[in-house]
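Each chain, letter by letter, is given below.
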Amino acid sequence: MSTSERLIESTRELLWERGYVGTSPKAILERAGAGQGSMYHHFKGKPDLALTAIRRTAKELLAAAEGLLDGPGTPYERIEAYLRRERDVLRGCPIGRLTMDPEIIASDELRAPVDATLDRIRERIAGIVEEGKEKGQFAPSLDGEEIAAAVLATVQGGYVLARASGSPTAFDTGVRGLLSLLASARPAHTT
């Protein structure tokens, strides 16, 4: 792996573990096993490196989500696959975690890939709900945007509850609860 790749991967991990504020250039260099000045040889500085790392993380997270949401199955099954996908629940979401960082939120440039990723997932889920309504698999009264927001809130809130309790049980319970609500919104002939 090249030095620039090691710097990007180290920054991704540190951002997930510590957030932007807690990720120092020294920590990045130590984790990457890179010499002093190599960050500035490959990047303009910490913000440029962080942006590259955030964009890569966002791209991977979005690809994983879309792989499930665009995969096989009914609309309900695709949402279920997204909600039940394997996650490192106690570490939290590598993108959602960044929304808690004041320096990320204060920077339009650093926040942009975070916003775009969450927006794209929300839009895709809303589209799946609307598809399910058109196919008669979800009740016509469901609002795709509201369900998509509830799905993301369940995932992100589930991470918080799991981290607070030190157990993935809270995440899993939230997912099961949301899925039971969605299942009850399906007409009887589709269950």
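Residues numbered from 1 in each chain as written. Predicted model: local features only at pLDDT ≥ 70, side-chain atom pairs only at ≥ 80, totals over all residues. Heavy atoms only, no water.

Here we take up helix H5 (residues 75-84). The set of residues buried in H5 consists of Pro75, Tyr76, Arg78, Ile79, Tyr82 and Leu83. Angularly, the buried residues of H5 cover 165° about the axis, an arc narrow enough to put them on a single face. For H5, the secondary structure elements touched by its buried residues are helix H4 (46-69), helix H7 (108-134), helix H8 (144-165) and helix H9 (169-184). (Buried < 20%, exposed > 50% of the residue type's maximum accessible area, 1.4 Å probe, protein only. Helix = DSSP H or I, 4+ residues; strand = E, 2+ residues; numbered from the N terminus. Arc of directions from axis to C-beta. Contact = heavy atoms within 4.5 Å.)

The next thing to look at is the nonpolar core. Inside soluble globular proteins, nonpolar side chains tend to come together where they are buried. Counting residues in each nonpolar core, the largest one holds 54 residues, and the members touching the most others are Ile79, Tyr82 and Leu83. Of all the elements in the fold, those that place two or more residues in this core are helix H1 (3-18), helix H2 (25-32), H4, H5, H7, H8 and H9. At 10 residues, the largest contribution of residues to this core is made by H4. (Core = buried A, V, L, I, M, F, W, Y, C linked by side-chain atoms within 4.5 Å.)

Moving on, we come to the packing of aromatic side chains. Per the stated rule, a full pass over the model turns up 1 aromatic pair. Positioned over the ring face of Tyr82 is Arg87, at 5.1 Å from the centre of the ring. (Phe/Tyr/Trp six-rings, centres within 6.5 Å; stacked < 30°, edge-to-face > 60°. Lys NZ or Arg CZ within 6 Å of the ring centre and 35° of its normal.)

Moving on, we come to H7. Here H7 spans 37 Å end to end across 27 residues, near enough to the 39 Å set by a 1.5 Å rise per residue. Remark: Gly136 follows H7 within two positions and exhibits a positive phi of approximately 75°. (Expected span 1.5 Å × (residues − 1).)

On the surface, Glu123, Asp143, Glu145 and Glu146 cluster together into a negatively charged patch. By the secondary structure assignment, Glu123 is in helix H7. (Patch = residues over 30% accessible without salt bridge, like charges linked within 9 Å, V, L, I, M, F, W, Y side chains within 5 Å. Areas by Shrake-Rupley, 256 points an atom, 1.4 Å probe, with all protein chains shown as cover. Salt bridge = Lys/Arg side-chain N within 4 Å of Asp/Glu carboxyl O. Lys, Arg positive; Asp, Glu negative; His and termini not counted. Charge placed at Lys NZ, Arg CZ, Asp CG, Glu CD.)

Moving on, we get to the packing of H1 against H2. At their nearest, the axes of H1 and H2 sit 8 Å apart, and the two run at 125° to each other. Taken together, the axes of H1 and H2 lie oblique to each other. Crossing hand, H1 versus H2: right-handed. Residues Arg6, Leu7, Ser10, Thr11, Glu13, Leu14, Glu17 and Arg18 of H1 form the contact with H2, whose participating residues are Ala27, Ile28, Leu29, Arg31 and Ala32. Among the residues forming the contact of H1 with H2, the class breakdown is 6 nonpolar, 2 polar and 5 charged. (Axes fitted to C-alpha atoms, helices over the stretch in contact; angles between N-to-C directions. Parallel < 35°, antiparallel > 145°, perpendicular 65-115°, else oblique. Left-handed = near helix turned anticlockwise from the far one by under 90°. Nonpolar A, V, L, I, M, F, W, Y, C, P; charged D, E, K, R; others polar.)

Our next topic: the pattern of salt bridges. With the rule as written, the count across this model stands at 16 salt bridges. Across the pair Arg111 and Asp115 runs a salt bridge, and its minimum N-O distance is 3.2 Å. Of the two residues, Arg111 and Asp115 both sit in helix H7, 4 residues apart, roughly one turn of that helix. Looking at Asp115, the relative accessible area reads 34%, which means it is partly exposed. Lys133 is the salt-bridge partner of Glu130, the closest N and O atoms lying 3.3 Å from each other. Taken as a pair, Glu130 and Lys133 lie in helix H7 at a separation of 3 residues, close to a single helical turn. Classification of Glu130 by relative accessible area gives partly exposed; the value is 31%. For Lys133, a relative accessible area of 22% gives the class partly exposed.

This next bit is on the side chain of Thr11. Note on placement: Thr11 falls in helix H1. Here Thr11 falls in the buried class, since its relative accessible area comes to 1%. In contact with Thr11, other than residues within four places in its own chain, are Ile28, Leu49, Ala50 and Ala53.

The next point concerns the packing of H5 against H9. Across the interface, H5 lies against H9 with an axial gap of 10 Å and an inter-helix angle of 170°. Between H5 and H9, the interaxial angle falls into the category roughly antiparallel. Taking contact as the criterion, the partners of Tyr76, Ile79, Glu80, Leu83 and Arg84 in H5 are, on H9, Phe171, Val175, Arg176, Leu178, Leu179, Leu182 and Ala183. Here the residues of the contact of H5 with H9 sort into 9 nonpolar, no polar and 3 charged.

With 98% of its residues at a pLDDT of 70 or more, the protein shows a mean pLDDT of 94. Within the protein, no element has a lower average pLDDT than helix H3 (residues 38-42), which sits at 90, and none a higher one than H5, at 98. (pLDDT = per-residue confidence, 0-100.)

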